Amino acid sequence: MDRKTTMKAAAEIRKLCIEELAAAGYGHIGGSMSICDILAVLYTDILDTDPKDPRRPDRDYLILSKGHCGPALYATLAYKGYFDVEELKTLNRGGTSLPSHCDRLKTPGIDLSTGSLGQGLSLGVGVAMGKKIQGVGGRVFVIVGDGELQEGQNWEAVQFIAHNSISNLVIIVDNNKRQLDGYTKDICRTFDYKAKFESFGIHAFEANGHDVCDIYDKLTAAAGTCPAAVIMNTEKGHGCSFSEIPGFNHYMVISREMADQAIAEVDRRLEASL
Amino acid sequence: MSRLTDGIALDTKEMRAAYCEALIREARNNGRIIVVDADVSHSVGTEPFYKEFPGRSINCGIMEAHAVGMSAGMSETGLIPFFHAFGVFATRRAFDQIFLSCAYQKLNVKIVGADPGVTAATNGGTHMPFEDIGLMRLIPNSVIIEPADAAMYGAAVSYMVNNYGVHYLRTSRRKTMRIYPDGAEFVIGKANKLADGGDVCIIASGIMVYEALKAADMLADKGIYARVLDMHTIKPLDTAAVEAAARECGAIVTAENHNVTGGLGAAVCEALAETLPVPVERVGVKESFGEVGGQDYLQKRFGLTAEEIVKAAEKCISRKKIQESKK
Ligand SMILES: Cc1ncc(C[n+]2csc(CCOP(=O)(O)OP(=O)(O)O)c2C)c(N)n1
Ligand SMILES: [Mg+2]
């Protein structure tokens, strides 16, 4: 990987996502911003996918189990050329191919539909099993939220993954420490995720989820030691000036001005860090 | 006088054995069929499949939600998973997973729910599905099949393998009254006419088909001639057969081992309301949860008997006559 290239990709994805949400006027900014760097690494340096042939059976799958952050994935897919960036402006409009939550039947590049939290990991396990049983190549990456991990189905899936030594699936936790109603620690304490996954029999890694090199290193290490999880330490709303606030940022109303300022700030920060 | 129930006796084979044999037959010619269980493979009867196809059998353990979601993911890669559990857990417990992980995203998953209604018997109220059909009917484009006896599994399983979508097979594991001869023909979505009277039509499914035949015999003794339809496919409903019954008999009794709300009776009423409304009486469970007991006790307890069907038929015919006299 090339650090600068991937950082530039992350900045582009962030800007496209802010534009997209601003066009809709509101949306799930917090959890979208926290995964932009992860998505940039995945789609620049990790995933074997082809925008020209999005359904190729032996592709790597990416399942965004926290489906409400579809806007960040749509921005990534548009950036990668799965569809025209102009389409991002149709988010949530009647008849759009970009619905609020990920829909495999509507959007090129969306592998499975999500939105009812807690279901994506099992879907991913099914794809991983299907590939194995049929001798089809490709890996599966599933992004889950920290709040989402409260859903019991995740831990059913984790037990299954550990027992069956699922070797072609990586769990990615967007540990942005917040859920809808506030800080995850106040709503339902998470304790030590790394220890938790390890106690279930899963290799666990931790990464700074806003450092593209660290994300890359840990994802690569995890993919080589499946079954594995990478706990990405992130900040909800990260990288977008108006959503980097301690108050409510799960979804926000976004004006044109807010978007313009935030986009200029993304550029400034990129330049400063290159 | 010959009776409709002449020659009908308790099968020598268990329903679960017939089901698994049918699935194995299909799987020998179709490498995409996968069995998924949640720790009741012994009860549901899929064990022989594990012996023949160990690489295509997955017992997840007691995690129905995950098992359904995983099945959805597998079907995305082209496999045809058959997920098995007791009916209550197969549908009610994993409903959001069936709805969103499977049906909403148009995946190809087969749900097999065992122990319909009172056949759950001594497993009691916690295990007694009276609402599974209602739940599954609410899912757009779902298919719901409830065989009356072991003869139908070949046709049912073959349909499920060869047609894409979310299908629900409501299946008993026990021995049941054998209605059909070996090799009987079934067309999914088309009711089987087992008796052709013109006074009233009894539309039944599952264990209630035998009760319907008994009821028709009892009615014949009183000079009342009933048509009997085995409505083995509850969705899509054979509305043509229902409409013909309304036109030709003018009175309809439904009989189901399920809550009348949301089940076969509801489906028939909905179809008639939009075509040819005639008096209907619904025999089935009404505003009740399941209970523990032997199946015979429970059939009486919830009114799932030939006697109840006879009473309903007589009431329905008298309502028809009142309606006719008003014309
Ligand atoms: C089963 C289910 N319950 C509730 C919701 C509503 N909901 C949407 S996002 C969210 C919070 C998610 O928190 P987290 O997983 O931490 O995501 P992030 O912080 O990345 O937004 C909730 C409760 C849902 N989509 N699904
Ligand atoms: Mg969170």
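The structure presented is a predicted model; accordingly, all values stated were derived computationally and were not measured.

J.: Sorry, what's going on with the overall build of chain A here?
T.: When helices and strands are counted, chain A shows 10 helices and seven strands. In terms of overall dimensions, chain A has C-alpha extents of about 50 × 45 × 40 Å along its principal axes. Residues counted as buried form 57% of the 274 residues belonging to chain A. In chain A, the share of contacts with a sequence separation of at least 24, taken over all contacts with a separation of at least 6, comes to 74%. Split by element, the accessible area of chain A, about 10,300 Å² in all, is 51% carbon and sulfur. A distance of 1 Å separates the average location of the 29 positive side-chain charges in chain A from that of its 36 negative side-chain charges.

J.: Is there a simple way to explain the sheet that holds strand 5 (residues 143-145) of chain B in this structure?
T.: Strands pair in a sheet through their backbones, by hydrogen bonds, and they do so in one of two ways: parallel or antiparallel. All names here are of chain B. Pairing is mixed across the open sheet formed by seven strands, whose spatial order is 2-1-3-4-6-5-10. The sheet is open, and its two borders are formed by strand 2 (57-59) and strand 10 (233-235), each paired with just one other strand. Strand after strand, the sheet turns through a mean of 20° between neighbouring axes, direction not considered. Note: strand 5 against strand 10, two bridges, orientation antiparallel. Its bridge partner being in strand 10, Ile144 is matched across the sheet by Lys235.

J.: For this particular structure, what's the right way to read the sheet that holds strand 6 (residues 228-233) of chain A?
T.: Residues and elements named next belong to chain A. An order of 2-3-4-6-5 is seen for the five strands of this open sheet, with the pairing classed as parallel. Both outer strands of the open sheet, strand 2 (61-64) and strand 5 (203-208), are each paired with one neighbouring strand and no more. Between one strand axis and the next, the sheet turns through 20° on average, direction left out of account. As judged from the six bridges shared by strand 5 and strand 6, these two strands associate in the parallel manner.

J.: How do you make sense of the site of ligand 1 when you look at a structure like this?
T.: Residues and elements named next belong to chain A. Around ligand 1, 18 residues are found, and the nearest of them are Lys66, His68, Asp146, Arg178 and Lys236. Glu148 has a polar backbone atom sitting 2.8 Å from an oxygen atom of ligand 1. Between an oxygen atom of ligand 1 and a side-chain N or O atom of Asn176, the distance comes to 3.0 Å. For ligand 1, whose free accessible area comes to 590 Å², the fraction covered by protein is 77%. Each residue belonging to the shell around ligand 1 can be placed in one class, and the counts come to two nonpolar, nine polar and seven charged.

J.: Help me understand the coordination of the magnesium ion (ligand 2), please; the structure alone is not making it clear to me.
T.: The reference angle at a metal is 109.5 degrees if four donors form a tetrahedron and 90 or 180 degrees if six donors form an octahedron. Residue and element names in this part refer to chain A. With distances of 2.0 to 2.1 Å, the protein atoms coordinating the magnesium ion (ligand 2) are Asp146 (OD), Asn176 (OD1) and Arg178 (O). Coordination of the magnesium ion (ligand 2) draws on donor residues from a single chain, spaced D-x29-N-x1-R in sequence. Just as Asn176 is buried, Arg178 falls in that class too.

J.: Please clarify how the domain arrangement of chain B should be interpreted in this entry.
T.: One frequent convention defines the size of an interface as the accessible area lost when the parts assemble. Residue and element names in this part refer to chain B. Annotation of chain B at the domain level lists domain 1 (15-171) and domain 2 (192-326). Put simply, the middle of domain 1 and the middle of domain 2, counted by C-alpha atoms, are 27 Å apart. Tallying the contact residues gives 29 residues for domain 1 and 31 residues for domain 2. In total, domain 1 and domain 2 occlude about 2,100 Å² of area from one another, counting both sides; carbon and sulfur atoms represent 59% of this. Of all residues in domain 1, Val118, Phe130 and Arg137 give up the largest surface area on contact with domain 2, accounting jointly for 36% of the area buried on that side. Between Arg137 and Glu270 there is a salt bridge, with its nearest N and O atoms 2.6 Å apart.

J.: Looking at this structure, I do not really get the packing of aromatic side chains. What am I missing?
T.: Given two aromatic rings, one states the distance between the centres and the angle between the planes to describe the pair. One pass over the full model with this rule turns up 10 aromatic pairs over all chains. Both rings, one in Phe86 of chain B and one in Phe89 of chain B, keep their centres 6.3 Å apart while their planes meet at 45°; by these two values the pair is tilted. Arranged with centres 5.9 Å apart and planes meeting at 55°, the rings of Phe95 of chain B and Phe99 of chain B form a pair that is tilted. A residue pair is termed a helical-turn pair when its members lie 3 or 4 positions apart in one helix, as Phe95 of chain B and Phe99 of chain B do in helix 6 (residues 95-104) at four residues. In this structure an aromatic cluster arises from ring pairing among Trp155, Tyr193, Phe197 and Phe200 of chain A. One Lys or Arg, Arg56 of chain B, reaches over the ring of Phe53 of chain B and ends 4.4 Å from the middle of that ring.

J.: What am I meant to see in the interface of chain A and chain B here?
T.: Counting residues at the interface gives 26 residues for chain A, matched by 26 residues for chain B. Between chain A and chain B, the buried area comes to about 2,000 Å², and carbon and sulfur atoms account for 58% of it. Across the pair Arg104 of chain A and Glu76 of chain B runs a salt bridge, and its minimum N-O distance is 3.4 Å. Between the two partners, chain A and chain B, sit 13 residue pairs in polar contact (both at pLDDT 80 or more). Of all elements in the fold, only helix 5 (120-134) and helix 6 (152-163) of chain A reach the threshold of two or more residues within the side of chain A that touches chain B. In terms of residues, the side of chain A that touches chain B owes the most to one element, helix 5 of chain A, which gives 10 residues. Of the residues assigned to the side of chain A that touches chain B, the class counts are 10 nonpolar, nine polar and seven charged.

J.: Please explain unusual backbone geometry as it appears in this structure.
T.: Note: most peptide bonds trans; most residues except glycine with negative phi. Cys226 of chain A connects to Pro227 of chain A through a cis peptide bond whose omega is 0°. Cis rather than trans, the peptide bond between Lys235 of chain B and Pro236 of chain B has omega equal to -5°. Residue position: Pro236 of chain B is located in the loop between strand 10 and helix 10 (239-249). One non-glycine residue, Asn92 of chain A, lies in the positive phi region at around 70°. The phi dihedral of Asp115 of chain B is positive, around 65°, even though this residue is not glycine. With respect to the helices and strands, Asp115 of chain B occurs in the loop between strand 4 (110-114) and helix 7 (132-137).

J.: Explain the packing of helix 5 of chain A against helix 6 of chain A to me, please; I cannot follow it from the model alone.
T.: Any two packed helices are characterised by the angle at which their axes cross and by the distance between the axes. All names here are of chain A. Look at helix 5 against helix 6: their axes get within 8 Å of each other, and the N-to-C directions meet at 25°. One way to sum up the angle between helix 5 and helix 6 is to call them roughly parallel. On the side of helix 5, the interface is formed by Leu121, Ser122, Val125 and Met129, while helix 6 contributes Gln153, Asn154, Ala157, Val158, Phe160 and Ile161. Residues of the contact of helix 5 with helix 6, tallied by class, amount to seven nonpolar, three polar and no charged.

About the cut-offs
- Residues numbered from 1 in each chain as written.
- Chains lettered and ligands numbered in written order.
- Predicted model: local features only at pLDDT ≥ 70, side-chain atom pairs only at ≥ 80, totals over all residues.
- Heavy atoms only, no water.
- Helix = DSSP H or I, 4+ residues; strand = E, 2+ residues; numbered from the N terminus.
- Buried < 20%, exposed > 50% of the residue type's maximum accessible area, 1.4 Å probe, protein only.
- Contact = heavy atoms within 4.5 Å.
- Areas by Shrake-Rupley, 256 points an atom, 1.4 Å probe, with all protein chains shown as cover.
- Lys, Arg positive; Asp, Glu negative; His and termini not counted.
- Charge placed at Lys NZ, Arg CZ, Asp CG, Glu CD.
- Pairing = 2+ DSSP bridges.
- Axes fitted to C-alpha atoms, helices over the stretch in contact; angles between N-to-C directions.
- Near = heavy atom within 4 Å.
- Polar contact = N/O pair within 3.5 Å; in protein donor to acceptor, adjacent residues only side chain to side chain.
- Nonpolar A, V, L, I, M, F, W, Y, C, P; charged D, E, K, R; others polar.
- Donors = N, O, S within 2.8 Å, 3.2 Å for Na, K, Ca; no water.
- Domains from an automatic or database assignment.
- Buried area = accessible area lost by both parts, 1.4 Å probe.
- Salt bridge = Lys/Arg side-chain N within 4 Å of Asp/Glu carboxyl O.
- Phe/Tyr/Trp six-rings, centres within 6.5 Å; stacked < 30°, edge-to-face > 60°.
- Lys NZ or Arg CZ within 6 Å of the ring centre and 35° of its normal.
- Parallel < 35°, antiparallel > 145°, perpendicular 65-115°, else oblique.

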